[in-house]
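Structure assessment
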Amino acid sequence: QVQLVESGGGLAQFGGSLRLSCAASGFAFDKYAMSWARQPLGKGLEWVAGIYSDGRTMDYTDSVKGRFTISRDNAKNTVTLQMNNLKPEDSALYYCAKDGRYESSGDLGVLKWYDFWGRGTQVSVSS
């Protein structure tokens, strides 16, 4: 069965960095786009960053452009989110998600297309 397991969350200071990882299994990882989304406490789910199956093209929500970098290793079935210059508003539960569309080149930022989600890893940024 599909499994997505996030790790790497924790507490960071304003301006600091964290690196999130997602270990995927149970599907043909190199055929599906992957994304990270986040949910601040008491707020809705927000798409953060996505990467297509070949790892060559990425996209980001405007608030993290220039600070976050998504990457993937198709040999290791992992997707990573490097977060730099963290701000308190980045505090949230971060989820790894699998796109349900096979070899898709469609919009990465539409959450309804994601069919499997991890359990999340908490990121907290102090001011």
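These numbers were taken from a predicted model, which means no experiment stands behind them. Within every chain, residues take consecutive numbers counted from 1 along the sequence as written. Per-residue local features are limited, in this predicted model, to residues with pLDDT of at least 70; the limit for side-chain atom pairs, both in listing and counting, is 80 or more; totals at the level of whole chains, interfaces and linings are taken over all residues. Here the side-chain values reflect all heavy atoms present in the structure, with hydrogen atoms and water set aside.

**As for the pattern of salt bridges**
Cut-off, in case you're wondering: Every case where a carboxyl oxygen of Asp or Glu lies within 4 Å of a side-chain nitrogen of Lys or Arg is listed as a salt bridge. Strands are runs of DSSP state E lasting at least two residues, helices are runs of H or I lasting at least four, and both sets are numbered from the N terminus onward. Three exposure classes are used, based on accessible area relative to the maximum for each residue type with a 1.4 Å probe and protein chains only: buried under 20%, partly exposed in between, and exposed over 50%.
Inspection of every chain in the model, using the stated rule, returns seven salt bridges. Between K31 and E103 there is a salt bridge, and its shortest N-O distance comes to 3.5 Å. With K31 in the loop between β3 (18–25) and β4 (32–39) and E103 in the loop between β9 (92–102) and β10 (114–117), this residue pair connects regions lying 72 residues apart in the sequence. The exposure class assigned to K31 is partly exposed, which follows from its relative accessible area of 26%.

**Remarks on the pairing of strand β5 (residues 46–51)**
As a reminder of what qualifies: DSSP-based pairing: two strands are paired if at least 2 bridges between them are found.
Burial analysis of β5 places five of its six residues in the buried class, which makes it a mostly covered element. The hairpin turn running from β4 into β5, its antiparallel successor, is six residues long, and G42 in that turn takes a positive phi close to 80 degrees. In textbook terms, the turn of a hairpin is the stretch between consecutive antiparallel strands, and for β5 and strand β6 (residues 58–60) this stretch comprises six residues, one of which, G55, has a positive phi near 75 degrees.

**Some points on the nonpolar core**
We count it as follows: Residues grouped as a nonpolar core are buried Ala, Val, Leu, Ile, Met, Phe, Trp, Tyr and Cys residues, joined through side-chain atoms within 4.5 Å. Should any heavy atoms of two residues lie within 4.5 Å, those residues are counted as being in contact.
W36, V79, L81, M83 and Y94 are the most contacted members of the largest nonpolar core, which has 27 residues in total. Here this core gets four residues from one element, more than from any other, and that element is β3. Leave out the neighbours within four places in its chain, and M83 touches G16, S17, L18, L20, R67, F68, Y94 and V123.

**So, the state of the cysteines**
Inclusion rule: Throughout, a disulfide means two cysteine sulfur atoms within 2.5 Å of one another.
Within this structure, the stated rule accounts for one disulfide. In this model, C22 is linked to C96 through a disulfide, with the two sulfur atoms separated by 2.1 Å. The chirality of the disulfide connecting C22 with C96 is left-handed, given an S-S dihedral of about -75 degrees. Of this pair, C22 sits in strand β3 while C96 is found in strand β9, placing the two residues 74 residues apart along the sequence. Taken as a pair, C22 and C96 share a single burial class, namely buried.

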